Amino acid sequence: VQDKPDALLHGECVAIGMVKEAEIARAMGFCTSALVGRLSRCIAAFGLPRDMPVGVSVDATLDKMELDKKNAAGAIKCVLLDGPGSTAKDPYARTVS
């Protein structure tokens, strides 16, 4: 249920998060720029957003992210892409600071 007409749907938030987590994985050396680009183009092909809309509060976004089931002890965890359809393992979700 959306509180505002311009609010993002859950699936749209997931799509944005997938791209952002892939960008984090690239920055940490887990995957290549080519893989991030491939994922981004795939998400765009389905008409889903890849970037946060202008004016969205970072603090509000982080507050929502704290509710994710992967998180523990107040730490936000990310799943890091390391190949097409593959994520870094042990652990599959990592705290990124």
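Heads up: the structure comes first, above all this text.
Definitions and cut-offs
Residues numbered from 1 in each chain as written. Predicted model: local features only at pLDDT ≥ 70, side-chain atom pairs only at ≥ 80, totals over all residues. Heavy atoms only, no water. Helix = DSSP H or I, 4+ residues; strand = E, 2+ residues; numbered from the N terminus. Rg over C-alpha atoms; globule rule 2.2 N^0.38 Å. Buried < 20%, exposed > 50% of the residue type's maximum accessible area, 1.4 Å probe, protein only. Contact = heavy atoms within 4.5 Å. Areas by Shrake-Rupley, 256 points an atom, 1.4 Å probe, with all protein chains shown as cover. Lys, Arg positive; Asp, Glu negative; His and termini not counted. Charge placed at Lys NZ, Arg CZ, Asp CG, Glu CD. Disulfide = S-S within 2.5 Å. Salt bridge = Lys/Arg side-chain N within 4 Å of Asp/Glu carboxyl O. Patch = residues over 30% accessible without salt bridge, like charges linked within 9 Å, V, L, I, M, F, W, Y side chains within 5 Å. Core = buried A, V, L, I, M, F, W, Y, C linked by side-chain atoms within 4.5 Å. Axes fitted to C-alpha atoms, helices over the stretch in contact; angles between N-to-C directions. Parallel < 35°, antiparallel > 145°, perpendicular 65-115°, else oblique.

J.: What should I look at first to understand the overall build of the chain in this one?
T.: Secondary structure summary: the chain contains 3 helices and 4 strands in total. Overall, the chain shows an N-to-C arrangement of helices and strands of α-α-α-β-β-β-β. Here the chain has a C-alpha radius of gyration of 14 Å; the compact-globule value for 97 residues is 13 Å, and the two agree. Overall, the C-alpha framework of the chain stretches about 35 × 35 × 20 Å when taken along its three principal axes. Burial analysis of the chain (97 residues in total) assigns 23% to the buried set. Long-range contacts, defined as pairs at least 24 residues apart, comprise 45% of the intrachain contacts of the chain with a sequence gap of at least 6. Taken as a whole, the chain presents about 6,800 Å² of accessible surface, with 59% of it coming from carbon and sulfur. Computed over 12 positive and 12 negative side-chain charges, the inter-centroid distance for the chain is 7 Å.

J.: Honestly, the state of the cysteines in this entry has me stumped. Any pointers?
T.: One covalent bond between the sulfur atoms of two cysteine residues makes up a disulfide. Counted by the stated rule, this structure contains 0 disulfides. C42 forms no disulfide, and the closest cysteine sulfur to it belongs to C31, at a distance of 15 Å.

J.: Before we go on, may I ask you to explain the pattern of salt bridges in this structure?
T.: Working definition: two side chains of opposite charge can pair if their charged atoms are close together. A complete count under the given rule lists 2 salt bridges for this structure. In this structure, E23 and K20 form a salt bridge, with 3.4 Å as the shortest nitrogen-oxygen distance. Of this pair, E23 and K20 both sit in helix α1 (residues 10–27), separated by 3 residues, roughly a single helical turn. On the basis of relative accessible area, E23 is assigned to the partly exposed category, the value being 28%. In this structure, D51 and K20 form a salt bridge, with 3.0 Å as the shortest nitrogen-oxygen distance.

J.: Is there a simple way to think about the environment of V36 in this case?
T.: Tracing the chain through its elements places V36 in helix α2 (residues 33–45). Overall, V36 belongs to the buried group, its relative accessible area being 5%. C-alpha separation for the pair V36 and L80, spaced 44 residues apart in sequence, amounts to 11 Å.

J.: I would appreciate a short explanation of a nonpolar patch on the surface in the present structure.
T.: On the surface, a cluster of nonpolar side chains totalling about 250 Å² of accessible area is made up of V58, L62 and M65. Note that V58 resides in helix α3 (residues 58–65).

J.: Before we go on, may I ask you to explain the nonpolar core in this structure?
T.: A general tendency of soluble globular proteins is for nonpolar side chains to be buried together. A22, C31, L39, I43, L80 and L81 are the most contacted members of the largest nonpolar core, which totals 13 residues. Those elements giving two or more residues to this core turn out to be α1 and α2.

J.: Sorry, what's going on with the packing of α1 against α2 here?
T.: Between two packed helices, the angle of one axis relative to the other and the distance separating the axes together describe the packing. Where α1 meets α2, the closest approach of the two axes is 9 Å, and the angle between their N-to-C directions is 175°. The angle between the axes of α1 and α2 places the two elements in the roughly antiparallel class. Between α1 and α2, the residues in contact are A15, M18, V19, A22, E23 and R26 and S33, V36, L39, S40 and I43, respectively.

None of the figures reported here should be taken as evidence of function without further support.
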